[in-house]
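Here is how the chains run, residue by residue.
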Amino acid sequence: MKEYRTITQIAGPLVFVEKTEPVGYGELVNIVLYDGSIKRGQVLDTSDELVVVQVFETTAGIGRDSGIRFTGETIKMPVGRDMLGRILSGGGKPIDGGPEIVPEKRLDITGAAINPYARGSPNDFIQTGISTIDGTNTLVRGQKLPIFSGAGLPHNQIALQIARQAKVPGSKEAFAVVFAAMGITKEEANYFMQDFERTGALERAVVFLNLADDPAVERIITPRLALTTAEYLAFDLGMHVLVILTDMTNYCEALRQIGAAREEVPGRRGYPGYMYTDLAGIYERAGIVKGKKGSITQFPILTMPGDDITHPIPDLTGYITEGQIVVSRELHRKGIYPPINVLPSLSRLMNLGIGKGHTREDHKKVSDQLYAAYAEGNDLRGLVAIVGKDALSERDRMFLEFADLFENRFVRQGYTEDRTIEETLDLGWNLLSTLPVEQLVRIDRDLINKYHPKFRQTAKAEG
Amino acid sequence: MEVKAQDTKTTKTGVLKRIAGPVVTAVGIEAHMYDVVKVGKEELMGEVIKIQGENIIIQVYEDTSGIRPGEPVINTGLSLAVELGPGLLTSIYDGIQRPLSVLVDKMGDFIQRGVSAPGLDHSKKWEFRPLVKEGQEVGPGTVIGEVQETNIVHRILVPPNVKGGTVKSIRSGSFTVDEVICTLDDGTSLTMMQKWPVRVPRPVLEKMNPTVPLITGQRILDGLFPIAKGGTAAIPGPFGSGKTVTQQQLAKWSDAEIVVYIGCGERGNEMTEVLTEFPELEDPKTGKPLMERTVLIANTSNMPVAAREASVYTGITIAEYFRDMGYDVSLMADSTSRWAEAMREISSRLEEMPGEEGYPAYLAARLSEFYERAGRVRTLGGKMGSVSVIGAVSPPGGDFSEPVTQNTLRIVKVFWALDAKLSQRRHFPAINWLNSYSLYLDSLQEWYDREVSPEWNSLRSWAMEILQKEAELQEIVQLVGSDALPEAEQITIEVARMIREIFLQQNAYDAVDTFCDMKKQYDMMKAIRQYSDLAYAAQNAGVTPQQILSVRSKNELPQIKFIKDYVPALAKIQADMESEFNALRSAA
Ligand SMILES: Nc1ncnc2c1ncn2[C@@H]1O[C@H](COP(=O)(O)OP(=O)(O)OP(=O)(O)O)[C@@H](O)[C@H]1O
Ligand SMILES: Nc1ncnc2c1ncn2[C@@H]1O[C@H](COP(=O)(O)OP(=O)(O)O)[C@@H](O)[C@H]1O
Ligand SMILES: [Mg+2]
Ligand SMILES: [Mg+2]
């Protein structure tokens, strides 16, 4: 392989190289330092005169004397079944002291888009044991459902509780967890690793760790390595894979950094104009392929800068993912765990995985009614602050109380409390039964007669 | 038929000079703007988008990884065109009309590159029935015959760019789209397929004023903010507010004859949902599977961005083609913001001077050219047809002041403003009734008078007034609480709540309520009006608001939504309301 020493410029994570052989766009580049060590990069722009290389590690040590080798291929990743149970760096190198991965295949890390015609319909209900998810924002296999959180909120606990409790009731199929950390602290990483070890989940997991003090640009490839691994486990080995990506905010910051180094025209708040497309290239790598056994379910976690859901990172994410679970500082302050605010939360695939044959026939309507009643009660809190409780009508007072009940009984649950879907739905009915029946306008009469505690009891008593 | 004469001088081979993502530069090639070129050894499809001295700048519709400077570039001399003919219906295409089912056969479950696939199946035979005779005069747009494609009849037209003349021969029987079925005296031979360049609107005889609503079965749309057949509408909203579901509802239930649905830069699973649902659902008008009248274009967010840019043109050209057969076509584009972003991405790679928020300066022009292709028309062949265009807009942060929303609102006639506050409390469709509007109300008034009821228009105005009044009253409630409102206004608040919860709210996932015909819409609104009239009359007669608000029979009204044969139940509720109020009045 030919080695060039024609670097003309280094700017941020970018290296400019002149007078080379014709180099392919997206090609993997090895940069050889004076001490023989090698750094990796990728071609971003290639022409007769100039090649622009984005380096995936720090550029420390790279100079005009460094050698450049073009590998002639795009970035590939070795994958194999012995990856399960392994801990790798954010760049894919083993860091657990174990042997190199024995590759069964080498796969392109950008991945190819699943042909929409080949996608299978995601409709297997995943029970997480958390009422605000199962009851009102149901997760299904093959979904991408991010957690929108804020600094200092317990998103990691929630993610772990989900990873621990998630099951498809009645199914015993092989599952695996792929965990990709991007720019999180050592302490946060340990929190995950200890839980994986304690519960034995590590054996079924592949862990990629890019920590806060690892190079930021490496974060660009970490989620891609994780998803390439997940695709192999899911579509080659037939496993149901849960992918946790944390923290996507750090990923986006790295993207912004590269954009700035390339002197691109920035989009909103300095993030690149192509961030939507770039993120879609990650999030869309979830789903089910018709005729294949496995599936990829994604749980990206991101911290919203300034708790602002309209910030480009949560905003573009929400436009791509199939809903979002929003963690609320206000509920957290009230001491409620898990502090999930259902109002801005959403699961877009919920309707495919609930109802008769999946969960229970009343699920959708109960969920709608809980939302409507909680939203109404929650609105009234603002009013009470101004005019006092006494100025409220009878009806308003009932909804106000409902909102408190909902937070304290439905939302609040233990870190290890694993509720079945029946428990969640029955709990929902219990809360709704504190309202007059005629206020339950979202539910048809038949379902009310069948499931409402008041009528259920009379039905039982008569029967 | 060739779209553009193949000029041998411009059909040349050059070489690639630079590759930077989806935009590449070639030299040593002669080209015109929008020529289709084949890029690299794998002959990836691309289109000339800029000419700068000897540099020819090309957007490539497939992934360019691994392509190197020095690889060949071939100019086909043709424009980006779609194949139009039998076989379009029930198809699902990518942004450049490659059938996704064929791509699965050719390259597996994941989209690879360098595979071409024609838009129509060229081996399939279709039963052609001629409708003109030898010796008859035909011109552009004349229907020369037909094919029973699905339950839809596919009319075969003389292409707009063929001069026409006398039919010399015409055959009936079973043919592929490449076989000649008709010849004209000037030597022209016609097949069942025509090609049309996607960036050029298909010509029409004249544009007419829209006077008929596109009935969608969605109460807030048909009832309050209707779109006309041949009209334009925009549906902007933050993520999760209901753009896609609303568009899918329109694709399912609107009384268009043909539906073109473009998934432009959105989710893969949403297209899968359409693909699995539509074949199962029945058109309420014909009872036939909805898929039979549908063409899908799916260029999802992770598919090449240049093909996303093209997808909107591919879709509208197909829509115009069916319009030219005399059909009422409705086209949904989800989302036009992703299309605009594709333009922005390409433009920034061209290092063009950016306009507002980085969008190219021609953003407004492109948007209006696109929506201008909607309309109710007299076709070249003298038929009446229409294309209605409904575009979703995805404003960053849900802020409608951004360029795509603003430029769209300057063009479209109907604005359905989605509101995150409503969707968060699961009030669906989350269309804000105070900010939305339809500029077709006046021109459709006559239709509603005639087809629904002479009372309808005043019923509509009444409902809008109550909702407006409620908004004003809510401001007072926010200061003093609802109990402090005067009696009459407490009734207004209640009636407004009924309009919102009974009429406006409509659950797309309820088997019955997903579609509501105009008669039911009218009956429901009328029943609410009846309660309102009875309530104010009772209040005048001295009945207390508490009594009026606790009339039991009105609590049954929301249930009407879920009942298919609702007429007896509704009649009973209405009768009960009368007698309950009678009792109240006589007691007062
Ligand atoms: N156009 C509307 N959009 C949303 N809600 C409306 C509208 N009109 C009336 N409402 C109803 O009125 C009530 C108060 O509306 P909303 O919460 O929008 O008030 P607001 O004063 O804008 O609130 P905020 O002070 O939080 O901005 C809600 O219960 C809602 O159902
Ligand atoms: N008319 C409707 N009826 C019931 N639910 C709806 C309706 N419109 C939207 N929804 C709910 O809102 C969610 C988000 O809607 P969607 O159309 O995907 O939003 P957007 O395209 O604006 O991001 C859906 O998954 C569904 O749960
Ligand atoms: Mg959508
Ligand atoms: Mg017609």
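The present account deals with the structure reproduced in this document.

The next point concerns the overall build of chain A. Scanning chain A from terminus to terminus reveals 14 helices and 19 strands. The C-alpha radius of gyration computed for chain A amounts to 25 Å, which stays within 12% of the reference 23 Å derived for 463 residues, consistent with globular compactness. Overall, chain A is about 85 × 50 × 40 Å in size when its C-alpha atoms are taken along their principal axes. Residue burial in chain A is summarised as follows: out of 463 residues, 61% are buried. Expressed as a percentage of contacts within chain A between residues at least 6 apart in sequence, the contacts between residues at least 24 apart total 72%.

Taken together, Asp379 of chain A together with Asp419, Lys421, Leu422, Arg425, Asn432, Trp433, Leu434, Glu470, Gln474 and Arg500 of chain B make up the full set of residues adjacent to ligand 1. Mapping the residues near ligand 1 onto chains gives chains A and B. One nitrogen or oxygen atom from the side chain of Lys421 of chain B is found 2.7 Å from an oxygen atom belonging to ligand 1. Within the side chain of Asn432 of chain B, a nitrogen or oxygen atom sits 3.2 Å from a nitrogen atom of ligand 1. Look at ligand 1: alone it shows 600 Å² of surface, and the protein chains cover 60% of it. Every element with two or more residues in the shell around ligand 1 is listed here: helix H9 (420–424) and helix H11 (456–480) of chain B. Its residues placed into classes, the shell around ligand 1 shows three nonpolar, two polar and six charged.

On to the nonpolar core, then. Residues and elements named next belong to chain B. With 84 residues, the main nonpolar core has Ile390, Trp416, Trp456, Trp462, Ile499, Tyr531 and Phe581 as its most contacted residues. Counting residues per element, this core draws most heavily on helix H13 (residues 518–540), at ten residues. Excluding residues that lie within four positions of it along the chain, Trp462 makes contacts with Val495, Ile499, Met525, Ile528, Arg529 and Ser532. Counting residues in hydrophobic clusters, the runner-up holds 80 residues, among them Val153, Val260, Leu367 and Val412.

Next up on the list: the coordination of the magnesium ion (ligand 4). Gly326 of chain B (O) and Met384 of chain B (O) make up the full set of protein donors to the magnesium ion (ligand 4), lying at 2.2 to 2.3 Å. Separated by 58 residues along the polypeptide, Gly326 of chain B in the loop between helix H5 (305–324) and strand S22 (328–334) and Met384 of chain B in strand S24 (residues 384–393) bring together distant segments of the chain.

Residue and element names in this part refer to chain A. Strand order in the open sheet formed by eight strands is S9-S15-S14-S16-S17-S13-S18-S19, with mixed pairing between adjacent strands. Each edge of the open sheet carries a strand with a single partner, namely strand S9 (86–89) and strand S19 (340–347). With direction set aside, neighbouring strand axes in the sheet form an average angle of 15 degrees. Sheet analysis places strand S18 (residues 323–327) next to S19, joined by four bridges and oriented antiparallel. Bridge pairing links Val327 to Ile340 in S19.

By the criterion of burial, helix H3 (residues 243–253) of chain B is predominantly enclosed, with ten of the eleven residues buried. Burial in H3 of chain B covers these residues: Lys243, Thr244, Thr246, Gln247, Gln248, Gln249, Leu250, Ala251, Lys252 and Trp253 of chain B.

The subject of this paragraph is the packing of aromatic side chains. According to the stated counting rule, one finds 24 aromatic pairs over all chains in the structure shown. Among the aromatic residues, ring-to-ring pairing joins Phe179, Tyr191, Phe192 and Phe196 of chain A into one connected group. Here the basic side chain of Arg202 of chain B rests over the ring of Trp196 of chain B, its NZ or CZ set 5.2 Å away from the ring centre.

What follows concerns the site of ligand 2. Near ligand 2 lie 16 residues; those nearest to it are Arg348 of chain A together with Gly240, Lys243, Thr244 and Val245 of chain B. Ligand 2 sits at the junction of chains A and B, each of which supplies nearby residues. Here an oxygen atom of ligand 2 sits 3.0 Å away from a polar atom, N or O, in the main chain of Gly242 of chain B. Between ligand 2 and Thr244 of chain B there is a distance of 2.6 Å, counted from an oxygen atom to a side-chain nitrogen or oxygen. Coverage of ligand 2 by the protein chains reaches 96% of its 560 Å² of free accessible surface.

Further remarks concern the packing of H11 of chain B against H13 of chain B. Residues and elements named next belong to chain B. Across the interface, H11 lies against H13 with an axial gap of 11 Å and an inter-helix angle of 55 degrees. Classed by the angle they form, the pair H11 and H13 counts as oblique. Between H11 and H13 the crossing geometry is left-handed. Contact residues: Trp456, Leu459, Trp462 and Ala463 in H11; Met518, Gln521, Tyr522, Met525, Lys526, Ile528, Arg529 and Ser532 in H13.

Turning next to the side chain of Gln530 of chain B. Residue and element names in this part refer to chain B. Mapped onto the elements of the fold, Gln530 is located in helix H13. Side chain to side chain, Gln530 and Glu578 meet in a polar contact 3.2 Å long. The contact partners of Gln530, leaving out residues within four places of it in the chain, are Gln574, Met577 and Glu578.

Here we come to the sheet that holds strand S11 (residues 143–148) of chain B. Residues and elements named next belong to chain B. In space, the four strands of this open sheet follow the order S12-S11-S9-S14, with antiparallel pairing throughout. The open sheet has two free edges, formed respectively by strand S12 (153–157) and strand S14 (173–175), since each of these has just one partner strand. Put simply, the sheet's adjacent strands are angled 40 degrees from each other on average, direction ignored.

Criteria and cut-off values
- Residue positions within a chain follow its written sequence, with the count starting from 1.
- Lettering of chains starts at A and numbering of ligands starts at 1, both following the order in which they are written.
- Per-residue local features of the predicted model are confined to residues with pLDDT of at least 70, and side-chain atom pairs are confined, for both listing and counting, to 80 or more; whole-chain, interface and lining totals are unaffected and use all residues.
- Side-chain descriptors were evaluated using all non-hydrogen atoms of the structure, hydrogens and water having been removed beforehand.
- Secondary structure elements are defined from DSSP: runs of H or I of at least 4 residues count as helices, runs of E of at least 2 residues count as strands, and each element is numbered from the N terminus.
- The globule rule is 2.2 Å times the number of residues to the power 0.38, and the radius of gyration it is compared with is taken over C-alpha atoms.
- Only protein chains enter the accessibility calculation, which uses a 1.4 Å probe; a residue is then buried when its area is under 20% of its type maximum, exposed when over 50%, and partly exposed in between.
- Here a residue-residue contact requires only that any non-hydrogen atoms of the pair lie within 4.5 Å.
- Neighbouring residues are identified by heavy atoms, a residue being near a molecule or strand if any of them is within 4 Å of it.
- Under the rule applied, a polar contact is a pair of N or O atoms within 3.5 Å (in protein, one hydrogen donor and one hydrogen acceptor; residues adjacent in sequence only if both atoms are side-chain atoms).
- Accessible surface area values rest on a Shrake-Rupley calculation with a 1.4 Å probe, where residue burial reflects the displayed protein chains alone.
- Residues are grouped as follows: Ala, Val, Leu, Ile, Met, Phe, Trp, Tyr, Cys and Pro are nonpolar; Asp, Glu, Lys and Arg are charged; every other residue, Gly included, is polar.
- Put simply, buried Ala, Val, Leu, Ile, Met, Phe, Trp, Tyr and Cys residues joined by side-chain atoms within 4.5 Å make one nonpolar core.
- Here the term donor refers to an N, O or S atom within 2.8 Å of the metal (or 3.2 Å for Na, K and Ca), and because water is left out of the atoms, sites may appear incomplete.
- In this analysis, strands are considered paired if DSSP registers two or more bridges between them.
- Convention adopted: a line fitted to C-alpha atoms gives each axis, helices being fitted over their contacting stretch, and angles between N-to-C directions are expressed from 0 to 180 degrees.
- Aromatic rings from Phe, Tyr and Trp, with only the six-membered ring used for Trp, were paired whenever their centres fell within 6.5 Å, and each pair was classed as stacked if the ring planes differed by under 30 degrees, edge-to-face if by over 60, and tilted otherwise.
- Our definition puts a charge over a ring when NZ of Lys or CZ of Arg is within 6 Å of the ring centre and also within 35 degrees of the ring normal.
- An angle counts as roughly parallel when it lies under 35 degrees, as roughly antiparallel when it exceeds 145, as roughly perpendicular when it falls between 65 and 115, and as oblique in every other case.
- Crossings are assigned a handedness: left-handed for a near helix turned anticlockwise from the far helix by less than a right angle, right-handed for a clockwise turn.

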